[in-house]
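The primary structure of each chain is shown beneath.
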Amino acid sequence: MSDVNKKKENVKMHLKDLRQNLKKMHLAVTEELTLPKPDEVKTLMLKVDKLLSLIESN
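The structure contained in this document is the topic of the report that follows. Just so it is clear, the structure is predicted and the values come from calculations on it, not from any experiment. (Residues numbered from 1 in each chain as written. Predicted model: local features only at pLDDT ≥ 70, side-chain atom pairs only at ≥ 80, totals over all residues. Heavy atoms only, no water.)

### Describing the layout of surface pockets
Okay, step 1: Volume-wise, the largest pocket comes out at about 150 Å³.
Okay, step 2: Around the largest pocket sit N21, K24, M25, A28, T34, L35, P36, E40, T43 and L44, which together line it.
Okay, step 3: Where the lining of the largest pocket is concerned, the elements lending two or more residues are α1 (3-30) and α2 (38-56).
Okay, step 4: The residue inventory of the lining of the largest pocket, partitioned by class, reads 5 nonpolar, 3 polar and 2 charged. (1 Å grid on protein atoms, 1.4 Å probe; cavity = no way out; pocket = protein on both sides within 12 Å on 5 of 7 lines; lining within 4 Å. Points joined across faces, edges and corners; volume = space filled by probe spheres on them. Helix = DSSP H or I, 4+ residues; strand = E, 2+ residues; numbered from the N terminus. Nonpolar A, V, L, I, M, F, W, Y, C, P; charged D, E, K, R; others polar.)

### Quick word on the packing of α1 against α2
Okay, step 1: Where α1 contacts α2, the axes come no closer than 10 Å and their chain directions differ by 160°. Judged by the inter-axis angle, α1 sits roughly antiparallel to α2. Regarding α1 and α2, the two cross each other, and that crossing is left-handed. Counted together, N10, V11, H14, L15, D17, L18, N21, L22 and M25 of α1 and E40, V41, L44, K47, V48, K50, L51, L54 and I55 of α2 form the full contact between these two elements.
Okay, step 2: Class assignment of the residues belonging to the contact of α1 with α2 gives a composition of 11 nonpolar, 3 polar and 4 charged. (Axes fitted to C-alpha atoms, helices over the stretch in contact; angles between N-to-C directions. Parallel < 35°, antiparallel > 145°, perpendicular 65-115°, else oblique. Left-handed = near helix turned anticlockwise from the far one by under 90°. Contact = heavy atoms within 4.5 Å.)

### So, the nonpolar core
Okay, step 1: Core analysis: the biggest nonpolar cluster contains 6 residues, these being V11, L18, M25, L44, L51 and L54.
Okay, step 2: Of all elements in the fold, only α1 and α2 reach the threshold of two or more residues within this core. (Core = buried A, V, L, I, M, F, W, Y, C linked by side-chain atoms within 4.5 Å. Buried < 20%, exposed > 50% of the residue type's maximum accessible area, 1.4 Å probe, protein only.)

### Focus: the pattern of salt bridges
Okay, step 1: Inspection of the entire model under this criterion finds 2 salt bridges.
Okay, step 2: A salt bridge links E9 to K12; its shortest N-O distance comes to 3.7 Å. Remark: K12 and E9 occur in helix α1; sequence separation between them is 3 residues, near one turn of the helix.
Okay, step 3: Judged by relative accessible area, E9 falls into the partly exposed class, the value being 42%.
Okay, step 4: Using a relative accessible area of 46% as the deciding quantity, one classes K12 as partly exposed.
Okay, step 5: Taking the shortest distance from any N to any O, the salt bridge between D17 and K47 comes out at 2.9 Å. (Salt bridge = Lys/Arg side-chain N within 4 Å of Asp/Glu carboxyl O.)

Okay, structure coming up:
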C-alpha cells in the first residue's frame, strides 16, 4: 500500500471516530438534555487537531 493510501485510510479512521463521538455527544444533548463534559470536548478538539495535522502533512 502506498503512503498516500495509508494516509487516506488513516484520515478515514479518524473521521469515523470523530463522527461517532460527535453523534454520541449530540444524542446526549438533544435526548437527555445534558451538556458534554469539558474533558470530552477537549478530547474531541485534540482529535480534530491531530486530524488536521495529518491532512496538512502532505
